[in-house]
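What the coordinates show
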Amino acid sequence: MYITEQQNPNLPYLRDKTSKLTTNPGCYIMKDNSDKIIYVGKAKNLHNRVNSYFRAGQDHLPKVWKMVSLVKDYDFIVTDSEFEALVLECSLIKQYSPKYNILLKDDKGYSYIRVSNEEYPRITAVLQKQDDGARYIGPYISSYSVKQAVEEANRVFMLPTCNRKFPRDFKKERPCLNCYIKQCMGVCKGNISSEDYNDTVNQAIDYIKNGSGASVERMTKQMNEAAERLDFELAAKLRDRISAIKKASEQQKIVTDDTRDMDIFAVSENGDEAYGAVLMYRGGKLFDKFTSSIGMTDEGSSMREGFITEFYSTRDDIPKEILLDEPIENHELIERYLSEKCSHKVSISVPQRGARLSLTALAKSNAAEQLSIKVGRTGKEIAALEELAKALGLEKPPRFIECYDISNLGSSDMTCGMVVYENGRPCKKFYRKFSIKTVTEQNDYACMCEAIERRFKRYYEHTDEGFSTLPDLILLDGGKGHVGVVTPLVRSMGIDVPIFGLVKDSKHRTRAATSDNHEISLTSYRKAFALVTSIQDEVHRFAISYTKAKHQKNAFGLGLTTVKGIGEKKAQKLMIEYKTKAVLKEASIEDLAHTAGVNTAIAQELYDYIHGDD
């Protein structure tokens, strides 16, 4: 079944929004006309998955068609992996219970974790709850997540997954491969007591229900007690289990080891737009996200302070810990305000390393993706500009970046290319070429000064749209020397724009940025480094292409002087009038005679010369 705009008038808006959606993994949250959540889904690629709902001509099953016909808008939460999206999906479904999640799931009913009632119990994933005396944990919406949890618990705690019955099958057969590759503790060998085995099963259940943090804390205590009793064999087993749990929990930020409640704030900026994002963790799990356009102020600190206070103005659920992506000026004042509002102490901090820094990065990513939809740029482009501003010490991300490069063939055909990047992308309509006029010998510093002086004179004249916008950042393809001669010139013209040089290594690759007094390495800012490299490569290409074109034009113009009666001045008139050889070929004999100021006979010879290669 196909969905049409008559059935859902919001389709044009939804398609336009989805066209700008990130390709990162995450969860999407469908809402109806009353802003009620009707469906929560996960995706490895958010753009492709969400686009499949709203794509023109997309064939849907009846129940999917019904859901899509009711969608007014959707929200999304970006994650770092598909697994994180899965964990988050389960959490959101449990919280909001969207009606179409049950309709659209392939599973027939809920899923449970089953702990069998026997001397050596097994942990398995099942779809139905039976009256068989076994212990059931659940229900859960996603059968896949249940299977993943059970498989991970069995692997971490080395529990058997074979079909043998214990103690009935003790020592009847050789241990299976899992025992030899340390995937099973080898119960079939008959040397593990029921008490020890059941204690391990209880640890596995505790791990499934409470997460890795509580399990590690409990087992660390048991390991230390075993070591004090000189029971080094048990201590070694517990050590290995702790190690396995920590390894399984690495790089996973949707469920954290830290069970304390906390909110994580981050802001993403781009020109005159800014979006804030809040990730809310409760009991170590991400259960909600809030994003909002917050405009722009002069300082990022005051912008974040306003975002925090407004966010909590109508909320009483304020956690004890708040994490920020960047520091705020009135840190203690905001802490006091929030502490008095909720009647408990609130701590605000900016993580510098470890898992908490990863959480602020995740919040930043969500803010950037929301902003990217607003400004029509990708989250990576916005993040690159923010990184560049941070690396260069700019007050805010630069919206307009101008970059200059000098190109020449010795002391002839000296040119300067100017490229413009707007919001992280080339803006070719503002590219400009400068033919150097006052410098007669090769001197890159003097050429750069001439080009930039002419550029800002045009800014004050307001005669060219490309020069009428003042850049937020000027980059020079050159080192400290270029910055040293250009900066005083620009300041003397009343222009207060940050100026940095781009330094290359011995292989002519971008290495760093430099001001007039120190060098700034960009290698630790990967997105900013990629952006600056692309800008430097583009301005180099643009400047060289102009030099080559100018050289070819000059060479052809000099060739015109071989025609009797055509001197350098007449050749120059022709090239100024007709610009290129192709345009010159379209001129008639009469046109040539008029432009060069010669008689018909000379114009005929000139015409024959121009068309001599036809």
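Just above sits the structure.
This section reports on the structure supplied with the text. (Residues numbered from 1 in each chain as written. Predicted model: local features only at pLDDT ≥ 70, side-chain atom pairs only at ≥ 80, totals over all residues. Heavy atoms only, no water.)

1. As for the overall build of the protein
Helix and strand counts for the protein come out as 21 helices and 19 strands. For the protein, the residues scored as buried account for 49% of the 614 residues in total. For the protein, the computed accessible surface area is about 31,300 Å², with 49% contributed by carbon and sulfur atoms. (Helix = DSSP H or I, 4+ residues; strand = E, 2+ residues; numbered from the N terminus. Buried < 20%, exposed > 50% of the residue type's maximum accessible area, 1.4 Å probe, protein only. Areas by Shrake-Rupley, 256 points an atom, 1.4 Å probe, with all protein chains shown as cover.)

2. Notes on the sheet that holds strand β1 (residues 26–31)
One open sheet holds the three strands; their spatial order is β2-β1-β3, and the pairing between them is antiparallel. Each edge of the open sheet is held by one strand with a lone partner, namely β2 (37–43) and β3 (73–78). Between one strand and the next, the sheet's axes are offset by a mean angle of 20°, whatever the strand orientation. In terms of strand pairing, β1 meets β2 through six bridges, oriented antiparallel. Within the sheet, the bridge partner assigned to K31 lies in β2 and is I37. (Pairing = 2+ DSSP bridges. Axes fitted to C-alpha atoms, helices over the stretch in contact; angles between N-to-C directions.)

3. Describing the pattern of salt bridges
Applying the stated criterion to the full structure yields 23 salt bridges. A salt bridge links E5 to R15; its shortest N-O distance comes to 3.7 Å. One end of the pair, E5, is in the segment before α1 (11–19); the other, R15, is in helix α1, with 10 residues separating them in the sequence. Residue D16 pairs with K20 through a salt bridge whose shortest N-O separation is 3.4 Å. For D16, a relative accessible area of 41% translates into the label partly exposed. For K20, a relative accessible area of 32% gives the class partly exposed. (Salt bridge = Lys/Arg side-chain N within 4 Å of Asp/Glu carboxyl O.)

4. Focus on the packing of aromatic side chains
A complete count under the given rule lists 18 aromatic pairs for this structure. Here a set of aromatic residues connected by ring pairs shows up, and it is made of Y28, Y39, Y53, F54 and Y74. A cation sits over an aromatic face here: K17 above Y74, 4.5 Å from the ring centre. In this arrangement the basic side chain of R455 is found over the ring face of F456, its NZ or CZ atom lying 4.6 Å from the centre. (Phe/Tyr/Trp six-rings, centres within 6.5 Å; stacked < 30°, edge-to-face > 60°. Lys NZ or Arg CZ within 6 Å of the ring centre and 35° of its normal.)

5. Let's talk about the side chain of S194
Inspection of the secondary structure assignment puts S194 in helix α8 (residues 194–210). When residues no more than four places from it in sequence are discounted, the contact partners of S194 are E119 and Y120. (Contact = heavy atoms within 4.5 Å.)

6. Details of a negative patch on the surface
A cluster of acidic residues, E119, E195, D196, D199, D231 and E233, forms a negative patch on the protein surface. Here D199 shows up in helix α8. (Patch = residues over 30% accessible without salt bridge, like charges linked within 9 Å, V, L, I, M, F, W, Y side chains within 5 Å. Lys, Arg positive; Asp, Glu negative; His and termini not counted. Charge placed at Lys NZ, Arg CZ, Asp CG, Glu CD.)

7. Some details on a nonpolar patch on the surface
On the surface, L177, Y180 and I181 cluster together into a nonpolar patch covering about 350 Å² of accessible area. Relative to the helices and strands, I181 resides in the loop between α7 (177–180) and α8. Among the residues examined, I181 registers a relative accessible area of 45% and is labelled partly exposed.

8. A short note on the side chain of N154
Within the secondary structure, N154 sits in helix α6 (residues 143–156). Leaving out residues up to four positions away in the same chain, N154 has contacts with I123, L159, T161 and Q183.

9. With respect to unusual backbone geometry
Of note, the amide linkage connecting F166 to P167 takes the cis form, showing an omega dihedral of 10°. Even without being a glycine, S343 presents a positive backbone phi close to 65°. Within the secondary structure layout, S343 lies in the loop between α12 (331–342) and β11 (347–349).

All we've got here are geometric facts, nothing functional implied.
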